[in-house]
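Survey of secondary and tertiary structure
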There are 2 protein chains.
Amino acid sequence: MTDTAAPATTVVFLLFPGITQLDFTAPAQALSRMPGARLVGAAANRDPIATDSGFAILPTHDFASAPQADILCVPGGHGVTEALGNAETIDFIARQAAGAQWVTSVCTGAFLLGRAGLLRGKRATTHWAYTHLLPLVGAAPVKARIVEDGHLVTSGGVTSGLDFALTLIARLQGEAVAQAIQLAIEYDPAPPFAGGHPDRTPGTITEGLKARVYDAAAARMEAALKA
Amino acid sequence: MTDTAAPATTVVFLLFPGITQLDFTAPAQALSRMPGARLVGAAANRDPIATDSGFAILPTHDFASAPQADILCVPGGHGVTEALGNAETIDFIARQAAGAQWVTSVCTGAFLLGRAGLLRGKRATTHWAYTHLLPLVGAAPVKARIVEDGHLVTSGGVTSGLDFALTLIARLQGEAVAQAIQLAIEYDPAPPFAGGHPDRTPGTITEGLKARVYDAAAARMEAALKA
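Residues numbered from 1 in each chain as written. Chains lettered and ligands numbered in written order. Predicted model: local features only at pLDDT ≥ 70, side-chain atom pairs only at ≥ 80, totals over all residues. Heavy atoms only, no water.

Chain A is annotated in an unreviewed UniProt entry as Thiamine biosynthesis protein ThiJ of Sphingopyxis lindanitolerans.

1. Quick notes on the overall build of chain A
The secondary structure content of chain A amounts to 7 helices and 11 strands. Taking 227 residues into account, the globule formula puts the C-alpha radius of gyration at 17 Å, and chain A, at 17 Å, falls close to it. The principal-axis extents of the C-alpha atoms in chain A amount to approximately 55 × 40 × 35 Å. For chain A, with 227 residues in total, the buried portion stands at 59%. (Helix = DSSP H or I, 4+ residues; strand = E, 2+ residues; numbered from the N terminus. Rg over C-alpha atoms; globule rule 2.2 N^0.38 Å. Buried < 20%, exposed > 50% of the residue type's maximum accessible area, 1.4 Å probe, protein only.)

2. A word on the packing of aromatic side chains
What the rule picks out here adds up to 14 aromatic pairs over all chains. Among the aromatic residues, ring-to-ring pairing joins Phe111(A), Trp128(A), Tyr130(A) and Tyr214(A) into one connected group. (Phe/Tyr/Trp six-rings, centres within 6.5 Å; stacked < 30°, edge-to-face > 60°.)

3. Remarks on the confidence of the model for chain A
Looking at chain A, the pLDDT average stands at 96 and 98% of residues meet or exceed 70. Predicted complex metrics record ipTM = 0.95 and pTM = 0.95. (pLDDT = per-residue confidence, 0-100.)

4. Here we look at the UniProt feature "domain: DJ-1/PfpI" (unreviewed entry) in chain A
If you check UniProt for "domain: DJ-1/PfpI" (unreviewed entry), the listed places come out as residues 10–170 of chain A in our numbering. For the annotated span residues 10–170 of chain A, helix accounts for 29% and strand for 25% of the residues, and the straight-line distance between the end C-alpha atoms is 16 Å. (UniProt positions renumbered as here; feature names shortened; annotations may be inferred.)

5. Re the sheet that holds strand 2 (residues 37–43) of chain B
Residue and element names in this part refer to chain B. Strand order in the open sheet made by the 7 strands is 5-2-1-6-7-11-10, with mixed pairing throughout. The open sheet terminates on both sides in strands that have one partner only, identified here as strand 5 (61–62) and strand 10 (146–149). Pairing between strand 1 (residues 9–14) and strand 6 (residues 71–74): 3 bridges, direction parallel. Across the sheet, the residue bridging to Val 12 is Leu 72, located in strand 6. Strands strand 1, strand 2, strand 6 and strand 7 (102–106) of the sheet are contacted by helix 1 (residues 21–31), whose axis makes an angle of about 170° with strand 1. Sheet strands touched by helix 5 (residues 160–173): strand 6, strand 7, strand 10 and strand 11 (152–155). Its angle to strand 7, the strand with the most contacts, is close to 160°. (Pairing = 2+ DSSP bridges. Contact = heavy atoms within 4.5 Å. Axes fitted to C-alpha atoms, helices over the stretch in contact; angles between N-to-C directions.)

6. Things to note about the interface of chain A and chain B
How big an interface is tends to be stated in terms of accessible area lost as the parts join. The interface is formed by 67 residues belonging to chain A together with 67 residues belonging to chain B. Taking both partners together, chain A and chain B bury about 5,600 Å²; carbon and sulfur atoms supply 62% of that area. It is Leu183(A), Glu186(A) and Phe193(A) in chain A that bury the most area against chain B; as a group they hold 15% of the surface buried on that side. At the boundary of chain A with chain B, the tally comes to 4 salt bridges. Note that Arg33(A) and Asp52(B) form a salt bridge whose closest N and O atoms lie 3.0 Å from each other. Counting the contacts that link chain A with chain B gives 38 residue pairs in polar contact (both at pLDDT 80 or more). Those elements that provide at least two residues to the side of chain A that touches chain B are helix 1 (21–31), strand 2 (37–43), strand 4 (56–58), helix 5 (160–173), helix 6 (175–184) and helix 7 (203–226) of chain A. The biggest single contributor to the side of chain A that touches chain B is helix 6 of chain A, with 8 residues. In the side of chain A that touches chain B, the residues fall into 36 nonpolar, 22 polar and 9 charged. (Buried area = accessible area lost by both parts, 1.4 Å probe. Salt bridge = Lys/Arg side-chain N within 4 Å of Asp/Glu carboxyl O. Polar contact = N/O pair within 3.5 Å; in protein donor to acceptor, adjacent residues only side chain to side chain. Nonpolar A, V, L, I, M, F, W, Y, C, P; charged D, E, K, R; others polar.)

7. Let's talk about the sheet that holds strand 3 (residues 49–50) of chain A
What the 4 strands build is an open sheet, ordered 3(A)-4(A)-4(B)-3(B); its pairing is antiparallel. In this open sheet, the two strands that pair with only one neighbour each are strand 3 of chain A together with strand 3 (49–50) of chain B. Bridge count between strand 3 of chain B and strand 4 (residues 56–58) of chain B: 2 bridges; the pairing is antiparallel. Its bridge partner lying in strand 4 of chain B, Ile49(B) is registered against Ile57(B).

8. Remarks on the pairing of strand 10 of chain B
All names here are of chain B. Of the two faces of strand 10, the one lined by Val 147 and Asp 149 is fully buried and the one lined by Ile 146 and Glu 148 carries no buried residue. Relative to strand 11, strand 10 runs antiparallel, the two being bridged by 4 bridges. Following the sheet pairing, Asp 149 is matched in strand 11 by Leu 152. Between strand 10 and the antiparallel strand that follows it, strand 11, lie 2 residues; Gly 150 among them carries a positive phi value of about 65°.

9. Focus on the nonpolar core
With 162 residues, the main nonpolar core has Phe111(A), Leu112(A), Phe111(B) and Leu112(B) as its most contacted residues. The residues contacting Phe111(B), other than those within four sequence positions of it, are Val80(B), Leu84(B), Thr126(B), Tyr130(B), Leu133(B), Leu134(B), Val137(B), Met221(B) and Leu225(B). (Core = buried A, V, L, I, M, F, W, Y, C linked by side-chain atoms within 4.5 Å.)

10. Focus: the environment of Asp23(A)
Residues and elements named next belong to chain A. Looking at the element boundaries, Asp 23 is found in helix 1. Residue Asp 23 is classed as buried on the basis of its relative accessible area, which comes to 0%. Sequence separation between Asp 23 and His 132 is 109 residues; the distance between their C-alpha atoms is 20 Å. Each residue touching Asp 23, except ones within four places of it in the same chain, is listed here: Pro 75, Gly 76, Gly 77, Val 106, Cys 107 and Val 158. Engagement of the side chain of Asp 23 in a polar contact is seen with the backbone nitrogen of Gly 76, the distance being 2.9 Å.

11. Remarks on the relation of the copies chain A and chain B
Relative to chain B, chain A is turned by 180° and slid 0.0 Å along the rotation axis, the superposed coordinates differing by an RMSD of 0.0 Å. In symmetry terms, the pair is related by a two-fold rotation axis. Looking at the rotation axis and the C-alpha trace of chain A, the residue lying nearest is Ile57(A), at 2.3 Å. The share of interface residues of chain A whose copies in chain B are also at the interface is 100%, consistent with both copies meeting through the same surface. (Least-squares fit on C-alpha atoms with pLDDT ≥ 70 in both.)

12. Notes on the pairing of strand 6 (residues 71–74) of chain A
All names here are of chain A. Residues Ile 71 and Cys 73 point to one face of strand 6 and Leu 72 and Val 74 to the other, with burial holding for every one of them. Summarising the sheet, strand 6 and strand 7 (residues 102–106) pair through 4 bridges and their orientation is parallel. Bridge assignment links Cys 73 to a residue of strand 7, and that residue is Thr 104.

13. Considerations on the side chain of Thr125(B)
Secondary-structure assignment places Thr125(B) in the loop between strand 8 (123–124) and strand 9 (140–141). Residues contacting Thr125(B), with those up to four places away along its chain left out, are Ala110(B), Thr131(B), Leu134(B), Val142(B), Ala144(B), Arg145(B), Val147(B), Thr154(B), Ser155(B) and Gly156(B).

14. Describing the packing of helix 6 of chain A against helix 7 (residues 203–226) of chain B
Axis separation between helix 6 of chain A and helix 7 of chain B bottoms out at 10 Å; the angle between their running directions is 70°. Classified by the interaxial angle, the pair formed by helix 6 of chain A and helix 7 of chain B is roughly perpendicular. For helix 6 of chain A against helix 7 of chain B, the interelement crossing comes out right-handed. Across the interface between the two elements, Ala176(A), Gln179(A), Ala180(A), Leu183(A) and Ala184(A) of helix 6 of chain A pack against Ile205(B), Thr206(B), Leu209(B), Arg212(B) and Tyr214(B) of helix 7 of chain B. Of the residues that constitute the contact of helix 6 of chain A with helix 7 of chain B, the class distribution is 7 nonpolar, 2 polar and 1 charged. (Parallel < 35°, antiparallel > 145°, perpendicular 65-115°, else oblique. Left-handed = near helix turned anticlockwise from the far one by under 90°.)

Here's what the structure looks like:
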């Protein structure tokens, strides 16, 4: 896409049981088309990883064999609360982050970065239902879909991973490369409803969803973060 | 989400080697949160399916054991050209479609529906780089992100699957359910660039991408459709 050869870029995604499949797939789809990118999915072992959508994905590497990331990406999902208590997972994140050029998260993956000590004193974001918990890992919550603080990039809930990945691609290889990938995946969104964020969704929808799902989920996350 | 129990809805995704991971994951993520939904990923056999993003997904069923779909969803990807020549795959699509309430596609999955005879005389869409080939399967191309023709719903490239799924969920279970799912996955898109469709992308970007990727890919698709 450019006159010079694209630099080799190793992108390591953390995989864990209960991962939100779209948290991981949206940035993977965009980044897989970045010239020179090599994508890795690393988990504690090579067993299939059950996602939250009823499917299973195979890791490409276990933690021991995964190459050093240039871009470390930690997705979220309801499995985060369990992963927070897994020392091997947190050690892997800390070790990879120490050598990575970019340390990133999608959705509640931010709390795994936080548990690894990577958000202390940093500005960050996460899924809207969990932003109030960011101070528990030392982060200052910012109300934004993508938050950059140096080479730390956190993004909001689930679908924000696409906006984050295209933004990062533009930073790394220029806007023309990112625009071409946006066009290749026809990312010209037309959501059927205004909304997708509590600020733009009817209050009854937000309150109902919190009561059914997120009040309890955030309480579980809070308990896991305080454990 | 409603006062009455949600109806059981079986959603069958066709899986095949070279599938675009986001074509399948975006609607799966939304539909997996629809009350009563059961998601199935069906392939010729239970071997891992290599996606176009460097990962592999495990089918939940082979063609013989897959349950009858209420919603059949056929994703696209560069693997479509090969799948067009696979009689077992096309037979599966035709058989499932005959009993399904909704027959749907994302991206170039439309051509698999077409090969199964399901687009004859129908209005349809697909990825922008392939719309001119729809008449080869008897369809009338419509320039839209989502096209409904009776119980046939085709959608545009890759990321359109999210808009399609939320639209279908609203149809099946009401707008409040769809809005809650849109909020749960924080689908409040903020693409870094205007664009994502040739009508809204600088011509040099579109022409460059066609020259590098899609002129050849569309020619391969045309050859496969004429074979």
